[in-house]
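Chain by chain, the residues:
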Amino acid sequence: MDVKLDLASYVRVLKLASTPSWDEFSKISKIAGAGILLVGLLGFVIYAIMSAFPV
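Residues numbered from 1 in each chain as written. Predicted model: local features only at pLDDT ≥ 70, side-chain atom pairs only at ≥ 80, totals over all residues. Heavy atoms only, no water.

Attention shifts here to the overall build of the protein chain. Each helix and strand counted, the protein chain has two helices and zero strands in total. For the protein chain, whose C-alpha radius of gyration is 21 Å, the value lies well above the compact-globule estimate of 10 Å for 55 residues. Across the 55 residues in the protein chain, those meeting the buried criterion constitute 2%. Total accessible area on the protein chain is roughly 5400 Å²; 76% of this is exposed by carbon and sulfur atoms. Distance between charge centres in the protein chain, computed from 5 positive and 4 negative side chains, equals 4 Å. (Helix = DSSP H or I, 4+ residues; strand = E, 2+ residues; numbered from the N terminus. Rg over C-alpha atoms; globule rule 2.2 N^0.38 Å. Buried < 20%, exposed > 50% of the residue type's maximum accessible area, 1.4 Å probe, protein only. Areas by Shrake-Rupley, 256 points an atom, 1.4 Å probe, with all protein chains shown as cover. Lys, Arg positive; Asp, Glu negative; His and termini not counted. Charge placed at Lys NZ, Arg CZ, Asp CG, Glu CD.)

Listed below in structure tokens is the structure:
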């Protein structure tokens, strides 16, 4: 494990990274929020079906 090489890689990535614009951030937030809601809704539907038809 070469610490110097790893550190140089991390610094290079941080230099390339940039702060997203407000428009880009809001789009990403909406998509992520929709995904979270979809997964939660799917879990609730599965729970409701399993509660209605116990094994």
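With the rule as written, the count across this model stands at one aromatic pair. Ring geometry for Trp 22 and Phe 25: centres 5.6 Å apart, planes at 40 degrees, overall tilted. With Trp 22 and Phe 25 both in helix α2 (residues 22–52), this residue pair falls three residues apart, about one helical turn. Residue Trp 22 is classed as exposed on the basis of its relative accessible area of 67%. (Phe/Tyr/Trp six-rings, centres within 6.5 Å; stacked < 30°, edge-to-face > 60°.)

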